[in-house]
Structures are given as structure tokens and as C-alpha cells.
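# Observations on the model geometry
Here's the letter readout for the chains.
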Amino acid sequence: MMNPATLEPSNRPYEECGVVGIWGAPDAAALAALGLHALQHRGQEAAGIVSHDGEKFCQHKGLGLVGDVFSDARVMNTLAGSGAIGHNRYATTGGTLLRNVQPLYADFEFGGLAVAHNGNLTNAATLRQALVKRGCLFQSTTDTEVFVHLIAISLYATVLERLVDAAKQVKGAYSVVALTPDFLIGLRDPLGVRPLILGRVADGGWMLASETCALDIVGAEFVRNVEPGEMVIIDNDGIRSMRPFAQTSPRFCVFEYIYFARPDSILEDHSVYEARKQIGVELARESGVEADVIVPVPDSGVPSAMGFAAESGIPFEMGIIRNHYVGRTFIEPTDQIRNLGVRMKHSANTPVLQGKRVVLVDDSIVRGTTSRKIVDMVRAAGATEVHMRISSPPTKHPCFYGIDTPEESQLLAATHSIEKMAEAIGVDSLAFISFDGLYRALGHDGRTGAQGRYCDACFTGDYPIELVDKDGRLVA
Ligand SMILES: O=P(O)(O)OC[C@H]1O[C@H](OP(=O)(O)OP(=O)(O)O)[C@H](O)[C@@H]1O
Ligand SMILES: NC(=O)CC[C@H](N)C(=O)O
Ligand code: SF4
Ligand SMILES: [Mg+2]
């Protein structure tokens, strides 16, 4: 995919980001670091925290995993204060450079502000071009920085008005947390594509986070979702809410349920784990097959395989074992390393597979790297038949809303029919969940009409937010 803001080609695989915000709690940065640790699956490239100690902002950012960036107690001691925000990054716009690591911090006419963003802006390049012409000096190549400049040049008086002014000019997906000396802000785009959760920490403090698993790790209590199009402002007097945008139908990212989010998170009032299991149930109803054993492709395939096994009555077995010291293989930078990564990550549990008709269940096929390797491995272990069932519809289109999917030409389903995909990965049969099955699993009647109630553009090509900069063409 062409990187729209920098117009550099990008071969990045696909992931996204996690955000946290803490207000009114001693050691806010330590809570933020724990929250980021729980959200590590959302971004494994870089992490950062900005806190405010009552007098000044303090920050620490670095490339790498949360545990590495924040392992030094001396670093944590520099992040004093009862307000903090944090970010786990996986780049969608702008390379993996220290200057692109979030939160971004800037001094304005009205004082300082730090901002952290999960999502991706679809008009960032267009806005950036106009801002640069006006003399704005960009310090990074992320899309997120346009927020900073739009706030700086806004003619409104207060920081809240300026943030709303900026939000009204950007297009795309954003769940943003921002910190000033006086308050913590949470802001979600009008369609609510990315999640943002509100919680309470002990002793009256507040927490914002991408997923509820970040609340759980610090013992915070879930309060509610920040609503699509809502801005919450948290200060020492409590919380207030603004709704700066015209109301519109929300389009939460359905892939959060299928793959991204952690299974123990509750997103938009649905348990991710239950949703995945139920997709497996629907998949078994739609595409059942005679077999001896149901085997998940760990990790994300596990809950759907459990649902598939329960519905089909075929035994569930861990026929593939995952090495816990290897992360998500999507995130590896080159095909060669990704191939090795898959081999390093999974191994066959031969006694479970030998002489068996095996159904493999995974959540998605993107490039097909994982499926090819796993199928080879399962056949080499002596399986007599290998069937593959996938708990998402075929991934045919890239995401422009915060997941760095490969360009269309690298998506197996964009270039192959299902029969050809089955041949390419070497299975006896291959089936994907239907759109209606997916929506039924999430508690709806089906995918009604042309407009789904989730964003499902990477499967349907129905992009709910205008792609202004698409392919670097800067279409105004
Ligand atoms: O077709 P591909 O390009 O190989 O991509 C698809 C695979 O990548 C993901 O797993 P990943 O290893 O990223 O994470 P997981 O451990 O959460 O399943 C996904 O769950 C599929 O298994
Ligand atoms: N994946 C994300 O949410 C990334 C946030 C932002 N677009 C960046 O590239 O840094
Ligand atoms: S295009 Fe796909 S991954 Fe991107 S927001 Fe929509 S559903 Fe989620
Ligand atoms: Mg996987």
C-alpha cells in the first residue's frame, strides 16, 4: 500500500495501536504502563508515555515492546504525576522511527498538550500539504501530527474548542486520548470505528483505554464505552461529555472481534471470546464437514475452533502447538522473515494428527503465509485429509482506518477464487463464514442491505469513510 502521508511505498504487515489515559491516580504513568502491557497485542513496534507532574510534562518513548521501553525503574520515576497518557504503536502512516512514536507532545499558545491516536486519517496527506504551505513545520511523518497543527492554527480560544475544530477537519478513524495540565480528554470519531473504553481506578481516578483488558490489569472498573462521536473531558471535578458531530450510524470495526482484540475484552458490550466462539458455531452450521478432529490455528483461531467443535460434535484437539516466545507473525517486515516466523511459531502435535481427517480453524487468510505452512506441517504429521474453515469472510481489500493491511495484490483472496485459494494452500476443502453468518454470530439478523452496521470494508469493499488520500492521489 502507498503510504498516503509520506507517499513512500510501504510493505508493512497488519496491526494497529493501543491507547490509555489516566487521571486523578497517584503513579498514573505506572498504571498507564500496565495498561499498555495488556494492550501489547495491538502494537509491538514502539511505546510511549507522557505524564504531567503538576508543573511540567514528562515523557519517555522508545522503539520496541512495552516491557523493554519501560523496564527501568529510573525511567518510571521520571514520569511523575496523577495524569498520564500512553500509546502502543504499529505504524499505519509514517515509518518506524523514534520521531513517529506517540504520544506526540507540543507547546501551544494556550499551554502544552499531548495526544495519542489509534486509527488512521484518510485525508492526512491532503491536510498536511495545505498545512505545510501555510508554514507549519512537521516534526514527524505520522497522520496524527495533523491534529497538532490544526489545533495550533485554530482561531478558537480554548483547547477543547480547538480540538473539536481539528476533529471536524480530519476524516478517518480515530480514538484519541489527550492530556493537558488541567484535564484528560477521550475522543472517538463519529462512526466509532476504533474502540475506546472508560473506567474508574481505585481512589476515584479515571481511566481511558482501547480495550477492557487494560482496565482489568490495573483492577479498574468498567464504566462504559466512550460513544462514537463523543468527547469526554475528565478533570478534578469529574467527567463531562460533548457531542460535537451530527449523529450518524456507528460502524465499529468487525475485525476487532475476529482478530485484533484480546479475547478477554468486552467491546461495544460484546465479549470478544463469545463472539469468536459463536462465529465458530455459525461456521460449523454453514460449512460442516466429516472429520475426526477440529484443530485451531493458535492464537486467534482457538475460540472459533471451540465453537466449531461444540456445534459439530467433533472432538477439539490442540494439534498445533504455539511457541509463546514468538509474537504475531503479521508484524514481521519481510516475506522471508514472516515464513520463518510462522515455522518458529507453530509446530505439529503429531499423535493428535496422524491418520486423522483434520479440520483446521483460523480467523483469517491474508497473504496465506500461515495457512500454507500449517497445512504442510499437518500433512507431514500424517493427516489423511485437511480441511480449512475461516472465521472471517475472504479478506479482499486493504484497510485505511488503522490496520496496515497489505495492498490488494498481496491479499490471496483478492487474486484467487476460493477453489484456487484451496489449491494454493493445499487443502482438501476451504470455506469462509458468510456475511450473514458473521452478523448472526454478533447478535444481528444478518448483514441487512448494502450498509452493514459494522465497518467490514476489508471484506466487502464498502468503505464507510471517504478515502481522500487513497493511493497517494490526494483527491480533494
Ligand atoms: O495469511 P497470513 O498472511 O499468514 O495471515 C493470517 C494469519 O495471521 C494472523 O495470525 P498472527 O500470527 O498474526 O496472530 P495470532 O497469534 O493472534 O493468531 C491470523 O490469525 C492468521 O493466522
Ligand atoms: N495503528 C494505528 O492506530 C496507528 C496510529 C497512527 N496512524 C500512526 O501511524 O502512528
Ligand atoms: S476495513 Fe476491515 S480492518 Fe479496517 S476498520 Fe474496516 S473492518 Fe476493520
Ligand atoms: Mg493467527
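These numbers come from a predicted model, not from an experiment.

## Points about helix 9 (residues 272–287)
Relative to the 22 Å expected for 16 residues at 1.5 Å per residue, helix 9 spans 22 Å between its end C-alpha atoms, a close match to the ideal helical length. Of all 16 residues making up helix 9, twelve are buried, and the element is well covered by its neighbours. Buried residues of helix 9: Val272, Ala275, Arg276, Lys277, Gln278, Ile279, Gly280, Val281, Glu282, Leu283, Ala284 and Ser287, and no others.

## Digging into the domain arrangement of the protein
Per the domain assignment, the segments making up the protein are domain 1 (18–250) and domain 2 (271–446). Just the C-alpha atoms count here: the centres of domain 1 and domain 2 sit 34 Å apart. Taken together, the contact between domain 1 and domain 2 spans 13 residues of the former and seven residues of the latter. Every element with two or more residues in the side of domain 1 that touches domain 2 is listed here: strand 6 (111–121) and strand 7 (172–179). No other element matches strand 6, which puts three residues into the side of domain 1 that touches domain 2. For the side of domain 1 that touches domain 2, the class distribution of residues is four nonpolar, eight polar and one charged.

## Some remarks on the environment of Gln139
Among the secondary structure elements, Gln139 is positioned in the loop between helix 4 (124–133) and helix 5 (145–153). Classification of Gln139 by C-beta neighbours within 10 Å gives exposed; the count is 12. A sequence separation of 144 residues divides Gln139 from Leu283, and the C-alpha atoms of the two residues are 48 Å apart. Not counting residues up to four positions away in its chain, the partners in contact with Gln139 are Arg99 and Glu145.

## A look at the nonpolar core
Formed by 147 residues in total, the largest nonpolar core has its most connected members in Val20, Ile22, Ala32, Ala84, Val177, Leu360 and Val378. Both domains that furnish three or more residues to this core are identified here as domain 1 (18–250) and domain 2 (271–446). Contacts of Ile22, omitting those with residues within four sequence positions, involve Ala28, Leu31, Ala32, Gly83, Ala84, Val201, Gly205 and Met207.

## As for unusual backbone geometry
Between Gln102 and the following residue, Pro103, the backbone shows a cis peptide bond with an omega angle of 0°. Put simply, Pro298 and Asp299 share a cis peptide bond, and its omega is 5°. With respect to the helices and strands, the residue Asp299 is situated in the loop between strand 17 (293–296) and helix 10 (302–312).

## A closer look at the UniProt feature "binding site: Mg(2+)" (unreviewed entry) in the protein
Feature annotation in UniProt places "binding site: Mg(2+)" (unreviewed entry) on Ser300, Asp362 and Asp363, given in this structure's numbering. What stands out for the annotated residues spanning 64 residues is how close their C-alpha atoms remain, the widest pair being 6.9 Å apart. With respect to the element layout, Ser300 can be found in the loop between strand 17 and helix 10. Those residues in contact with Ser300, other than ones at most four positions away along the chain, are Tyr259 and Asp363. Inspection of the secondary structure assignment puts Asp363 in the loop between strand 20 (357–362) and helix 13 (369–380).

## Focus: the site of ligand 2
As a structural note, the neighbourhood of ligand 2 is formed by 17 residues, with Glu16, Cys17, Thr92, Asn118 and Gly402 the closest of them. Within the shell around ligand 2, the residues separate by chemical class into three nonpolar, eleven polar and three charged.

## Here's the deal with the environment of Ala381
Turning to its location among the elements, Ala381 is positioned in the loop between helix 13 and strand 21 (385–390). We classify Ala381 as buried; it has 20 C-beta atoms within 10 Å. Counting along the chain gives 28 residues from Ala381 to Leu353, while the straight-line C-alpha distance between them is 6.2 Å. Other than its neighbours up to four places away in sequence, Ala381 contacts Ala348, Thr350, Leu353 and Gln354.

## Re the sheet that holds strand 22 (residues 429–432)
Read across the sheet, four strands follow the order 17-20-21-22 without closing on themselves; strand pairing throughout is parallel. Pairing within the sheet leaves two strands with one partner each, and these edge strands are strand 17 and strand 22. Taken pair by pair, the neighbouring strands of this sheet meet at an average axis angle of 20°, ignoring direction.

## Some details on the UniProt feature "binding site: [4Fe-4S] cluster" (unreviewed entry) in the protein
Here the UniProt feature "binding site: [4Fe-4S] cluster" (unreviewed entry) sits at Cys253, Cys399, Cys455 and Cys458. Despite a sequence span of 206 residues, these residues sit close together in the fold, their greatest C-alpha distance being 10.2 Å. The residue Cys399 is located in the loop between strand 21 and helix 14 (412–415) in this model. Look at Cys399 and you get buried, because 22 C-beta atoms sit within 10 Å. For Cys399, the contacting residues outside a window of four places in its chain are Thr405, Ala457 and Cys458. Each residue touching Cys458, except ones within four places of it in the same chain, is listed here: Phe255, Thr395, His397, Pro398, Cys399 and Thr405.

## Description of the sheet that holds strand 3 (residues 57–63)
Read from one edge of the open sheet, seven strands run 3-2-4-1-10-9-11, paired in antiparallel fashion. Both outer strands of the open sheet, strand 3 and strand 11 (221–225), are each paired with one neighbouring strand and no more. Pairs of neighbouring strands in the sheet enclose a mean axial angle of 15°, with direction left out of account. The pairing of strand 1 (residues 18–23) with strand 10 (residues 206–209) spans four bridges and is classified as antiparallel. Among the inter-strand pairings, Val20 is bridged to a residue of strand 10, identified as Ala209.

## Quick word on the confidence of the model for the protein
Confidence along the protein averages 92 in pLDDT terms, with 91% of residues attaining 70 or more. Low pLDDT (under 50) marks residues 1–13, which in the prediction has 34 contacts with non-local residues, meaning those over four places away or in another chain. Predicted complex, confidence summary: ipTM 0.97, pTM 0.94.

## A word on the packing of helix 9 against helix 10
Where helix 9 contacts helix 10, the axes come no closer than 6 Å and their chain directions differ by 45°. With respect to helix 10, the element helix 9 is oriented oblique. Relative to helix 10, the crossing made by helix 9 is right-handed. Contacts between helix 9 and helix 10 involve Tyr273, Arg276, Lys277, Gln278, Ile279, Gly280, Val281, Leu283, Ala284 and Arg285 from the first element and Pro303, Ser304, Ala305, Met306, Gly307, Phe308, Ala310, Glu311 and Ser312 from the second. When the residues that make up the contact of helix 9 with helix 10 are grouped by side-chain class, the tally is ten nonpolar, five polar and four charged.

Reading the values: the criteria
Residues numbered from 1 in each chain as written. Chains lettered and ligands numbered in written order. Predicted model: local features only at pLDDT ≥ 70, side-chain atom pairs only at ≥ 80, totals over all residues. Helix = DSSP H or I, 4+ residues; strand = E, 2+ residues; numbered from the N terminus. Expected span 1.5 Å × (residues − 1). Buried ≥ 20, exposed ≤ 12 C-beta atoms within 10 Å, placed from the backbone. Domains from an automatic or database assignment. Contact = placed C-beta atoms within 7 Å. Nonpolar A, V, L, I, M, F, W, Y, C, P; charged D, E, K, R; others polar. Core = buried A, V, L, I, M, F, W, Y, C linked by C-beta atoms within 7 Å. UniProt positions renumbered as here; feature names shortened; annotations may be inferred. Near = placed C-beta within 6 Å. Pairing = 2+ DSSP bridges. Axes fitted to C-alpha atoms, helices over the stretch in contact; angles between N-to-C directions. pLDDT = per-residue confidence, 0-100. Parallel < 35°, antiparallel > 145°, perpendicular 65-115°, else oblique. Left-handed = near helix turned anticlockwise from the far one by under 90°.

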